[in-house]
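# Close look at the chain arrangement
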Amino acid sequence: MKIVVFNVKYSENLGDGLLAECVETALMKGADGIEVETIDLAGRRAYATGSGGRRRLALGLLRRLPFFVRRRLVRLVLERRLNKLRRLWDDKIALADAVIIGGGNLFQDDDLNFPLKIGEVLDCVSRHDRPLAVYAVGVSKQWSEPAYDLFARLRRTRLVHLSVRDGFAKDNWQEHFPEGPSAKIVRDPGLLVHATPIAEKPASSSKRQLTVGLCVTDPVILDRHGKDHASHIPFSGIGAYRDLIGVLLDDGQRVVLFCNGAREDQLFAERIRTSVNKHRVVAGGMLDIASRPRVPADLIQTIQSMDVILAHRLHACIAAYALKIPHVGLAWDSKVEGFFNSVGREAYFIKDSLSPAVHVALLLKAAEKEGIEGLRHRVTIAEAHAGISNMRRHLVGCDVCAISGIQSVRSRNTE
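Just so we're clear, the structure is a prediction, and the values are computed from it rather than from any experiment.

### Here's the deal with the packing of aromatic side chains
Centre distance and the angle of the planes are the two values used to describe a pair of aromatic rings. By the definition in use, this model includes 13 aromatic pairs. Aromatic pair Tyr10 and Tyr47: ring centres 4.9 Å apart, planes at 75°, arrangement edge-to-face. Separated by 37 residues along the polypeptide, Tyr10 in the loop between strand S1 (2-7) and helix H1 (14-28) and Tyr47 in the loop between strand S2 (35-40) and helix H2 (54-64) bring together distant segments of the chain. Using a relative accessible area of 14% as the deciding quantity, one classes Tyr10 as buried. Seen in terms of ring centroids, Phe107 and Phe151 are 4.7 Å apart; in terms of plane orientation they differ by 35°. Their pairing is tilted. Highlighted residues: Phe107 in strand S3 (residues 98-107) and Phe151 in helix H5 (residues 145-151), separated in sequence by 44 residues.

### A closer look at the sheet that holds S3
The strand order S2-S1-S3-S4-S5-S6 describes an open sheet built from 6 strands, whose pairing is parallel. With partners counted over all chains shown, the strands left at the sheet margins are S2 and strand S6 (184-185), one partner each. Bridge analysis of S3 against strand S4 (residues 131-139) gives 6 bridges, and the strand direction is parallel. When the bridges of S4 are listed, Gly104 appears paired with Val137.

### So, the state of the cysteines
Considering all chains together, one arrives at 0 disulfides under this definition. No disulfide involves Cys317; its sulfur sits 7.7 Å from that of Cys215, the nearest cysteine. On the basis of relative accessibility, which here comes to 0%, the residue Cys317 falls in the buried class.

### Details of the sheet that holds strand S7 (residues 211-215)
Adjacent strands of a sheet form backbone hydrogen bonds with each other and so pair up, either parallel or antiparallel. With parallel pairing, the 6 strands of this open sheet are ordered in space as S9-S8-S7-S10-S11-S12. Every other strand in the sheet has two partners, leaving strand S9 (287-289) and strand S12 (349-350) as the edge strands with one partner each. By the bridge criterion, 4 bridges tie S7 to strand S10 (residues 308-311) in an arrangement that is parallel. Each bridged residue has a counterpart across the sheet, and for Gly213 the counterpart in S10 is Ile309. Sheet contacts for helix H8 (residues 238-250): S7, strand S8 (254-258), S9 and S10; angle to S7, the most-contacted strand, approximately 175°. Together, S8 and S9 form the strand contacts of helix H9 (residues 263-279), whose direction differs from that of S9 by roughly 160°.

### What to know about the pattern of salt bridges
Summed over the entire model, instances satisfying the criterion amount to 20 salt bridges. One salt bridge connects Arg254 with Asp288, and the closest N-O pair in it is separated by 3.0 Å. Of this pair, Arg254 sits in strand S8 while Asp288 sits in strand S9, placing them 34 residues apart in sequence. Take Asp288: its relative accessible area is 26%, and that puts it in the partly exposed class. Residue Glu337 pairs with Lys351 through a salt bridge whose shortest N-O separation is 2.9 Å.

### What about the nonpolar core?
In this structure, Leu244 and Leu310 are the most contacted members of the largest nonpolar core, which totals 92 residues. Considering every element that reaches this core, the biggest residue donor is helix H11 (residues 314-322), with 8 residues. Residues within four places of Leu310 in sequence aside, it is in contact with Gly213, Leu214, Cys215, Phe235, Leu244, Val328, Leu330, Ile350, Val360 and Leu364.

### Considering unusual backbone geometry
Between Gly102 and Gly103 the backbone carries a cis peptide bond, its omega angle lying at -10°. Its location among the elements puts Gly103 in strand S3. Here the bond from Gly180 into Pro181 is cis, since omega is 5°, no more than 30 degrees from zero. Structurally, the position occupied by Pro181 is in the loop between helix H6 (167-176) and S6.

### A few points about the packing of H1 against helix H10 (residues 296-304)
Any two packed helices are characterised by how steeply their axes cross, that is the angle between the axes, and by the distance between the axes. Between H1 and H10, the shortest axis-to-axis distance is 9 Å and the interhelical angle comes to 105°. On the basis of their axis angle, the class for H1 and H10 is roughly perpendicular. Where H1 abuts H10, its residues Leu14, Gly15, Gly17, Leu18 and Glu21 lie against Pro296, Leu299 and Ile300.

### Some thoughts on the pairing of strand S11 (residues 327-330)
Alternating residues of S11 divide into His327 and Gly329 and Val328 and Leu330, and every residue in both groups is buried. Here 3 bridges tie S10 to S11, and the two strands are oriented parallel to one another. Within S11, the residue paired with Leu310 across the bridge is Val328. As for the winding sense of the linkage, the β-α-β connection from S10 through H11 to S11 is right-handed. The sheet contact formed by S11 and S12 spans 2 bridges and is parallel. In the sheet register, Leu330 faces S12, and the bridge partner there is Ile350. Running through helix H12 (residues 334-342), the crossover from S11 to the neighbouring parallel element S12 is right-handed.

### What to know about the side chain of Asp166
As for its placement among the helices and strands, Asp166 is situated in the loop between strand S5 (158-164) and H6. Although Asp166 lies buried, it forms no salt bridge, and the closest oppositely charged side chain, Arg165, sits 4.4 Å away as judged by the N-O distance. From its side chain, Asp166 meets the backbone nitrogen of Ala169 in a polar contact 2.7 Å long.

### Considerations on the packing of H1 against helix H14 (residues 374-396)
In the contact formed by H1 and H14, the axes pass within 10 Å of each other and the chain directions differ by 65°. In terms of crossing hand, the pair formed by H1 and H14 is right-handed. Each of Val23, Ala26, Leu27 and Met28 in H1 lies in contact with H14, whose residues at this interface are Ile388, Met391 and Arg392. Partitioning the contact of H1 with H14 into residue classes produces 6 nonpolar, no polar and 1 charged.

### A word on the environment of Glu368
Secondary-structure assignment places Glu368 in helix H13 (residues 357-370). Glu368 gets classed as partly exposed once you look at its relative accessible area, which sits at 30%. Setting aside residues no more than four positions away along its own chain, Glu368 makes contact with Leu210, Asp307, Val308 and Pro326.

Cut-offs applied
- Residues numbered from 1 in each chain as written.
- Predicted model: local features only at pLDDT ≥ 70, side-chain atom pairs only at ≥ 80, totals over all residues.
- Heavy atoms only, no water.
- Phe/Tyr/Trp six-rings, centres within 6.5 Å; stacked < 30°, edge-to-face > 60°.
- Helix = DSSP H or I, 4+ residues; strand = E, 2+ residues; numbered from the N terminus.
- Buried < 20%, exposed > 50% of the residue type's maximum accessible area, 1.4 Å probe, protein only.
- Pairing = 2+ DSSP bridges.
- Disulfide = S-S within 2.5 Å.
- Contact = heavy atoms within 4.5 Å.
- Axes fitted to C-alpha atoms, helices over the stretch in contact; angles between N-to-C directions.
- Salt bridge = Lys/Arg side-chain N within 4 Å of Asp/Glu carboxyl O.
- Core = buried A, V, L, I, M, F, W, Y, C linked by side-chain atoms within 4.5 Å.
- Parallel < 35°, antiparallel > 145°, perpendicular 65-115°, else oblique.
- Right-handed = clockwise from strand over helix to strand, strands pointing away.
- Lys, Arg positive; Asp, Glu negative; His and termini not counted.
- Polar contact = N/O pair within 3.5 Å; in protein donor to acceptor, adjacent residues only side chain to side chain.
- Left-handed = near helix turned anticlockwise from the far one by under 90°.
- Nonpolar A, V, L, I, M, F, W, Y, C, P; charged D, E, K, R; others polar.

Printed below as a string of structure tokens:
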């Protein structure tokens with residue numbers, strides 16, 4: 001059986017690659033005769049290896065444009081790109097026995113970026129009448145009318161499985177499609193990282209002090225994709241990081257800045273270190289920056305080298321949880337809060353942008369001391385395995401497991 005999976009595997013944010021590799025491994029595990037191919041919705045065919053800041057510049061320029069101009073520009077660029085990808089996707093789906101869209105935050109209206117891409121995939125799936133699973137996706141609250149129309153092309157497909165990754169996503173799906181089909185909640189596939197080749201057991205070390213990993217995210221990203229303006233998001237500026245690092249260093253802890261792979265995040269980490277060095281003398285080896293990860297295995301290796309981490313990025317937190325690395329999350333998108341709620345770690349989730357550095361440092365120390373509760377962790381991982389196994393069964397037995405199509409609904413949220 002040939003399964004084609006659509007997501008954004010080769011994004012510079014390696015959390016997307018991590019979950020894509022988890023999906024591939026889990027689909028084939030214990031299932032003879034299943035072949036899996038992942039197709040990146042942006043047309044990428046490998047993990048990025050170059051350097052530069054063009055993406056950050058483009059995001060900054062888009063942010064300054066009026067909404068209607070930005071959307072028109074994005075649509076023009078994407079439609080040209082999709083004209084080139086359409087034939088490839090059509091050929092791949094024609095040769096496949098089933099198609100999966102997921103996981104990841106794919107059902108969001110980011111200037112029609114994902115709606116246009118997924119709409120094109122849905123057209124191809126419908127044309128070839130292949131069974132479709134939408135698996136463990138994120139769903140944003142606000143969709144424009146064009147985005148809804150593109151996503152609603154699901155009603156033309158043979159949909160055999162529909163799941164989202166948290167309660168927020170389920171509520172949003174229900175709001176967009178109140179007449180169905182309903183989505184079930186499954187665990188994010190990134191939780192299965194421990195079962196993939198990219199998560200090798202780390203070498204033992206003799207660290208003399210606690211190592212705190214700060215996974216940094218460029219404020220431009222937080223401002224563009226977050227639910228609030230960056231100024232209302234914790235750790236959205238250099239000053240907040242500098243203050244926290246000062247507290248941690250004064251307490252004798254080693255600090256390592258790292259990122260999920262995006263080049264703008266790595267540059268932001270370098271700016272943070274420069275700022276700290278301007279304000280204080282730092283002993284050798286006490287403040288470092290990890291090399292920018294180029295593939296998911298690099299990111300996992302970095303996370304495994306920490307005693308505790310602080311992060312905005314969802315899959316830094318998910319990978320840390322899966323690998324039993326204590327972690328503290330930062331609010332900026334409901335998907336992160338949804339994950340912390342789902343695993344009972346609300347106490348280690350920071351919502352207040354004005355949280356004092358001393359408080360954050362104490363929370364990191366408490367998280368490291370408490371660790372990851374064993375029984376709940378085992379249950380969570382088992383649920384992640386069960387979720388993807390159930391989805392695979394739906395695809396294999398799709399002839400008798402079709403979900404009814406989506407009813408057309410015209411009362412939409414608009415931006």
